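Architecture at a glance
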Amino acid sequence: MQGKLYATDLFPIGQIDHRINSSLAEHMGRSIYGGIYDPDSPLADDAGLRKDVMAAVKELNVPLVRYPGGNFVSSYHWEDGIGPRDQRQQKVDLAWKSVESNQFGLDDFMDWTTKVDAEAMIAVNLGTRGIEDACNLLEYCNLDTDTYWANKRRENGHSEPYHVKFWCLGNEMDAPWQIGHKTAHEYGQLVNETAKAMRSLDPSIKIVVCGSSNEHTPTFGKWETTVLDECYDNVDYLSMHQYYELPSQGTMHHVAKAIRMDQFINSVVALCDAAKATKKSAKTLNISFDEWNVWYHSNEHDAHLKPWQQAPHQLEDVYNFEDALLVGSSLITLLKHADRVKIACFAQLVNVIAPILTTKEGVLKQTIFTPLRDVSQYAHGTALRTSAQSPTYQVPEFGDVPYLDAVTVKNDAHHYTIFAVNRHQTEALNLIVKLNDDRYQETSHLSYSCSDPEFKNSADQAVREENIQDAGQIILKPFSWNVITFTV
Ligand code: AHR
C-alpha cells in the first residue's frame, strides 16, 4: 500500500503549546494514595513520594498537571489537606463514594510538581462551594499579603507564593452526576462573578470555564452558548472532555475514533467563535481539552466496587495496543488543532486510566505511554497543514477512513517531525513524503507496532519502539505508530 504526504511552511496551523502534553491527577482510586504518594513504600523518598513514579512522569515530560479533580473537586474542602498531617481529618468523598484520608493535599501536590518539573492547574469547587472559597484558595496559593490565608501558607512552610497561573472553575458542571450540578445559566453567572473576584485578587491568572462533559450530552451546544453568554469577557479557555468507550464495533472502528475528537473540536471552536461574534469581542477563546483518554477496561470490575473504601483499585484500565494507536491518532488530532487547543490533559496520569501503573515492586509503563512520550518529546514548534493520502476503509460511524493518519511539525528552521499512524492491520504503507522544496534528509524513524491489537504490556513482556533504518523508502509497518524526523 502506498501513501503520500505533503506539507509546506507556507501553510502553518499554529504554534504548538507544550501544555497539550498535560495530565490530570485526581484524588480517586490509587492515583494519589499508592500512586504518587506511598509513604510506606521502600520506593518512596523522604516526603513519601514514589521515586519510580516521578521518574516515569519526568520521562513523559508532562508540563502541567490538573488537580485535585475531576469529579472529586466538586465536594472537596482543600483546607482539609493542609497543615500537620496528624491533625488532618478523614472525610467522605461524595463523587467516588470513597474515604479520603487527606494525608496528601495542596502543599504536598505543589512540592511534587516541583520535583517532576510540572506546573499546577488547580480546579476549584463550584459544586458545593463558591466565590469566597475560590478566593481563599487563590489567596493561599498566590498572594504575598499579610492576610489570613497567605499567612497560613507561610505557617505550613511555604513562604513564597506558588503563583498558580491556570484555574479551572468547577468540573463538568453540566453533568447530572456532578455534585452541585447547575443549569448553564446558573453556572455561567457563578463563573462570571467568581472570575471577577479572583481576578481582582490576582489579575495574572488564566481561567478555564467548563464546556460540556462530552459531545453526546443532550445540552451540548446550548450549554456552551448560554455559559459563554454569561461569562465570555472574564474567561480565557473553554474546557472539553472526551473518553473513548468499549470497541464494540471492532478494532478498525476503535482506531478511527480520533475522527470523533476532530469533529468535536470543530464544533466547540465554532461555538467559541459564535460567542465571540455575539459579544463583538476582540478576544478569541482557546480550548483546554482537559480530560481525554480511552476508558472502558475497568467498567466491569468497578461495577462491583464496595463503597467507602480508601484508595480502592478503581478505573485501573489495562491498555492494549489498539488503544495505543487510538491515543496516537488523538495526539495527531490535537496537533492538527494547534491553533486553538492550547492545553490538553491526558486523563489521567497514575493508576487511574493512566499510562503509569504501580505495583509494590515498581511501575508498569502501559502501551499508551509511548505515543504520549514521543509527542511530548518531539512536537515542538509549528504544526503544518498536512495532506495525507492513502487507501481507505469503511466504518459506519465515519464513512471512508484513511489507513494513514499523519501530521507534520516544523521544529525549527532545519528540523521537521512527522507523526504517523498506519491503521492497516496487515499491510505496510510505503510513505512518499514531500516537504517544501524536497531538499530534506530523513534522520530517524521510530516505529512502534504490534500484530495483536489486544496485546497488553506486563512486567514480563512489553511492546518496544524500534529505531528503523529506512533504506531510501519510508515504510510504515502494519498497525504502527511512527515518529520520523528530517533535516533540511
Ligand atoms: O477522569 C475520571 C472522571 O471522568 C473525572 O473525575 C470526571 O471529570 C470525568 O467524568
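Residues numbered from 1 in each chain as written. Predicted model: local features only at pLDDT ≥ 70, side-chain atom pairs only at ≥ 80, totals over all residues. Heavy atoms only, no water.

In the annotation of an unreviewed UniProt entry, the entry for the protein chain reads non-reducing end alpha-L-arabinofuranosidase, and the organism field reads Levilactobacillus fujinensis. The UniProt entry for the protein chain carries this comment under Sequence similarities (unreviewed entry): "Belongs to the glycosyl hydrolase 51 family." (UniProt positions renumbered as here; feature names shortened; annotations may be inferred.)

So, about the layout of surface pockets. Space inside the largest pocket adds up to approximately 400 Å³. Residue lining of the largest pocket: 25 residues in total, with Asn71, Glu172, Trp177, Tyr243 and Trp295 positioned closest to the centre. Element by element, the count of residues in the lining of the largest pocket is highest for strand β9 (residues 237-244), at 3 residues. Across the lining of the largest pocket, the residue classes break down as 11 nonpolar, 8 polar and 6 charged. Approximately 310 Å³ is the volume found for the second largest pocket. (1 Å grid on protein atoms, 1.4 Å probe; cavity = no way out; pocket = protein on both sides within 12 Å on 5 of 7 lines; lining within 4 Å. Points joined across faces, edges and corners; volume = space filled by probe spheres on them. Helix = DSSP H or I, 4+ residues; strand = E, 2+ residues; numbered from the N terminus. Nonpolar A, V, L, I, M, F, W, Y, C, P; charged D, E, K, R; others polar.)

Considering the arrangement of structural elements, one finds glutamate 361 in the loop between β13 (356-358) and β14 (363-365). Classification of glutamate 361 as exposed rests on a relative accessible area of 67%. Counting along the chain gives 325 residues from glutamate 361 to isoleucine 36, while the straight-line C-alpha distance between them is 14 Å. (Buried < 20%, exposed > 50% of the residue type's maximum accessible area, 1.4 Å probe, protein only.)

Right, let's talk about the sheet that holds strand β12 (residues 341-346) for a bit. What the 8 strands build is a closed barrel, ordered β2-β3-β6-β7-β8-β9-β10-β12; its pairing is parallel. Sheet twist, expressed as the mean angle between neighbouring strand axes with direction ignored, is 30°. Bridge count between strand β8 (residues 206-209) and β9: 2 bridges; the pairing is parallel. Of the residues in β9, the one forming a bridge with valine 209 is leucine 238. The strands touched by helix α10 (residues 321-336) are β9, β10 (286-294) and β12; relative to β10, the strand with the most contacts, the crossing angle is about 175°. (Pairing = 2+ DSSP bridges. Axes fitted to C-alpha atoms, helices over the stretch in contact; angles between N-to-C directions. Contact = heavy atoms within 4.5 Å.)

If you check UniProt for "domain: Alpha-L-arabinofuranosidase C-terminal" (unreviewed entry), the listed places come out as residues 290-480 in our numbering. Taken as a whole, residues 290-480 contains 16% helix and 39% strand, while its terminal C-alpha atoms sit 26 Å from one another.

Residues in close proximity to the ligand include Glu26, Gly70, Asn71, Trp96, Asn171, Glu172, Tyr243, Glu291, Trp295, Gln348 and Ile353, which together make up its full environment. The separation between an oxygen atom of the ligand and a polar side-chain atom of glutamate 172 is 2.7 Å. Computed on the free molecule, the ligand has an accessible area of 280 Å², of which 97% lies beneath the protein chains in the complex. Its atoms largely coinciding with the cavity grid, the ligand occupies the largest pocket. Across the shell around the ligand, the residue classes tally to 4 nonpolar, 4 polar and 3 charged. (Near = heavy atom within 4 Å. Polar contact = N/O pair within 3.5 Å; in protein donor to acceptor, adjacent residues only side chain to side chain. Areas by Shrake-Rupley, 256 points an atom, 1.4 Å probe, with all protein chains shown as cover. Sits in = over half its atoms within 2 Å of the grid points.)

For the rest of this paragraph, the subject is a nonpolar patch on the surface. A surface patch of nonpolar side chains, amounting to about 290 Å² of accessible area, comprises Val92, Leu94 and Trp308. Examined against the element boundaries, valine 92 turns out to sit in strand β4 (residues 91-93). (Patch = residues over 30% accessible without salt bridge, like charges linked within 9 Å, V, L, I, M, F, W, Y side chains within 5 Å. Salt bridge = Lys/Arg side-chain N within 4 Å of Asp/Glu carboxyl O.)

This paragraph deals with helix α3 (residues 131-142). When the terminal C-alpha atoms of α3 are compared, their 16 Å separation across 12 residues agrees well with the 16 Å that a helix rising 1.5 Å per residue should span. Residues of α3 that are buried: Asp133, Ala134, Cys135, Asn136, Leu137, Leu138, Glu139, Tyr140, Cys141 and Asn142. Looking at the packing, one finds that the buried side of α3 touches α2 (106-115), β6 (119-124), α4 (148-155), β7 (166-169) and α5 (184-201). (Expected span 1.5 Å × (residues − 1).)

Here the structure, examined in full by the defined rule, presents 20 aromatic pairs. Both rings, one in tyrosine 393 and one in tyrosine 403, keep their centres 4.9 Å apart while their planes meet at 35°; by these two values the pair is tilted. Of this pair, tyrosine 393 sits in strand β16 (residues 392-395) while tyrosine 403 sits in the loop between β17 (399-402) and β18 (404-412), and the two are 10 residues apart along the sequence. Taken as a pair, tyrosine 393 and tyrosine 403 share a single burial class, namely buried. Joined through ring pairs, the aromatic side chains of Tyr33, Tyr37, Tyr67, Phe104, Phe109 and Trp112 make up one cluster. The ring of tyrosine 232 carries the charged tip of lysine 283 above its face, separated from the ring centre by 5.3 Å. (Phe/Tyr/Trp six-rings, centres within 6.5 Å; stacked < 30°, edge-to-face > 60°. Lys NZ or Arg CZ within 6 Å of the ring centre and 35° of its normal.)

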